[in-house]
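Observations on chain architecture
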Amino acid sequence: MSRLFSFGLGYSAQALASRLAAKGWRIAGTARDQANITRLTGQGYEVTRFVGEPRNCDVTKLLLGTTHLLHSIPPGPDGDAVLAHYREEIVGLGSLKWVGYLSTVGVYGDRKGRWVDESTSPKPNSERTEARVEAERAWLEFGEQTGMRVQVFRLAGIYGPGRSVFDKLNAGTARRIRKDGQVFSRIHVEDIANVLEASIAHPNGGAIYNVADDEPAAPDEVVAYAAKLIGVQPPPEIAFEEADLSPMARSFYEGSRRILNARIKSELGVRLRYPTYREGLASLLAEQTS
């Protein structure tokens, strides 16, 4: 029986898990807090708590029988905890057919709005993205050393049900920050699941895939469009230089790039369900009003 184990059974991993579970797969993984563990266990998944510690016996037990391994936990100050502490357990899984590592397009750094593809060398511009590059490299080297088919997925800005600009507009927390020349690439969570499913069907060890939609756009443009869809006044425009942003939020504006997604289409045969934010937001609105 096919069995998915996800280190970090979070938002994106759950989108994949629900699809696979509907096809009869067994799902297991980890979460950080008890509320999520209880909720996911109620969905029929086998879930244990994991916060990066070594020698977690429950993790080791749940890994047994894994055929497909997904890893979505960001590296910590000491690097990737999964490879550091569970490498031998993963190597010992004779049943493993596919490994997916979820990374970020942030590894490309600031490209002044230029297009980048998977052949573009990473150019991290923060400690956080430097750690991501190192984790990617470690997992790809692990695949080369062990013969396991490891794929890296660089995700653009994720949105979907419960995690979109609509939620911020409704909560009164949306901000329309303008920075000249700034564009972000995005991806609907269901299209992430589309890409992962396609990769599982056609594994290609050592491959790196950009997972983004077809149209990078300025963040203030997306907020204004969403406000128009639900018939509310968009929040006032704020110049980036005047915006009071947290260091984390500010770091996202320090990189402007357009992400090319041709490889997921040509190699995996993916056809995006939501090729731009317009289709994605329209679908979310339809779900909310149905």
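The rules behind these values
- Residues numbered from 1 in each chain as written.
- Predicted model: local features only at pLDDT ≥ 70, side-chain atom pairs only at ≥ 80, totals over all residues.
- Heavy atoms only, no water.
- Phe/Tyr/Trp six-rings, centres within 6.5 Å; stacked < 30°, edge-to-face > 60°.
- Helix = DSSP H or I, 4+ residues; strand = E, 2+ residues; numbered from the N terminus.
- Buried < 20%, exposed > 50% of the residue type's maximum accessible area, 1.4 Å probe, protein only.
- Core = buried A, V, L, I, M, F, W, Y, C linked by side-chain atoms within 4.5 Å.
- Pairing = 2+ DSSP bridges.
- Axes fitted to C-alpha atoms, helices over the stretch in contact; angles between N-to-C directions.
- Parallel < 35°, antiparallel > 145°, perpendicular 65-115°, else oblique.
- Left-handed = near helix turned anticlockwise from the far one by under 90°.
- Contact = heavy atoms within 4.5 Å.
- Polar contact = N/O pair within 3.5 Å; in protein donor to acceptor, adjacent residues only side chain to side chain.
- Arc of directions from axis to C-beta.
- Salt bridge = Lys/Arg side-chain N within 4 Å of Asp/Glu carboxyl O.

Regarding the packing of aromatic side chains
Enumeration over the complete set of coordinates arrives at 11 aromatic pairs. With a centroid separation of 5.6 Å and an interplanar angle of 80 degrees, the aromatic rings of Phe 50 and Tyr 86 are classed as edge-to-face. Here Phe 50 is found in the loop between strand 3 (46–49) and helix 3 (57–63), whereas its partner Tyr 86 is found in helix 4 (residues 81–91), with 36 residues between them in sequence. Note on accessibility: Phe 50 and Tyr 86 belong to one class, buried. Their ring planes at 85 degrees and their centres at 5.5 Å tell us that Tyr 225 and Tyr 277 sit as a pair that is edge-to-face. With Tyr 225 in helix 8 (residues 219–229) and Tyr 277 in helix 11 (residues 277–289), this residue pair connects regions lying 52 residues apart in the sequence. On the basis of relative accessibility, which here comes to 27%, the residue Tyr 225 falls in the partly exposed class. Here a set of aromatic residues connected by ring pairs shows up, and it is made of Phe 5, Phe 7, Phe 50 and Tyr 86.

Topic: the nonpolar core
Ranked by internal contacts, the top residues of the largest apolar core, which has 39 residues, are Leu 4, Leu 9, Ile 27, Leu 70, Phe 153 and Leu 196. Only helix 1 (11–22), strand 2 (26–31), helix 2 (34–42), strand 5 (98–104), strand 7 (150–155), helix 7 (189–201) and strand 11 (208–211) provide two or more residues apiece to this core. No other element matches the 5 residues that helix 7 contributes to this core.

Concerning the sheet that holds strand 3
On the basis of which strands lie adjacent, the open sheet formed by 7 strands has the order 3-2-1-4-5-7-11 and parallel pairing. Both edges of this open sheet fall to strand 3 and strand 11, since each of them pairs with a single strand only. When the angles between neighbouring strand axes are averaged without regard to direction, this sheet yields 20 degrees. In this structure, strand 1 (residues 3–7) lies alongside strand 4 (residues 68–71), joined through 4 bridges in parallel fashion. By the bridge assignment, Leu 4 is partnered in strand 4 with His 68.

Some details on the packing of helix 4 against helix 5 (residues 127–146)
Between helix 4 and helix 5, the shortest axis-to-axis distance is 12 Å and the interhelical angle comes to 25 degrees. Of the possible angle classes, the one that applies to helix 4 and helix 5 is roughly parallel. Along this stretch, helix 4 crosses helix 5, giving a crossing that reads as right-handed. Contact residues: Val 82, Leu 83, Arg 87, Ile 90 and Val 91 in helix 4; Ala 138, Trp 139, Phe 142, Gln 145 and Thr 146 in helix 5.

Comments concerning unusual backbone geometry
One non-glycine residue, Arg 55, lies in the positive phi region at around 55 degrees. Of the residues examined, Arg 55 reaches a relative accessible area of 72% and is grouped as exposed.

Comments concerning the side chain of His 71
Here His 71 lies in strand 4. Within the structure, His 71 has its side chain in polar contact with the side chain of Asp 80 (distance 2.7 Å). Setting aside residues no more than four positions away along its own chain, His 71 makes contact with Phe 7, Asp 80, Val 82, Gly 100, Tyr 101, Leu 102 and Trp 139.

A short note on helix 8
The complete set of buried residues in helix 8 reads Pro 219, Asp 220, Val 222, Val 223, Ala 226 and Ala 227. Down the axis of helix 8, the smallest arc covering the buried residues is 160 degrees, so these residues share one side. Note on helix 8: the residue one or two positions beyond its end, Gly 231, has a positive phi of about 70 degrees.

Some points on the pattern of salt bridges
For the structure shown, the criterion picks out 14 salt bridges. In this structure, the salt-bridge partner of Arg 26 is Glu 46, at a minimum N-O distance of 3.2 Å. With Arg 26 in strand 2 and Glu 46 in strand 3, this residue pair connects regions lying 20 residues apart in the sequence. Asp 180 is paired through a salt bridge with Arg 178; the nearest N and O atoms lie 3.7 Å apart. Exposure remark for Asp 180: the relative accessible area of 69% places this residue in the exposed category. Arg 178 sits in the partly exposed class, given a relative accessible area of 36%.

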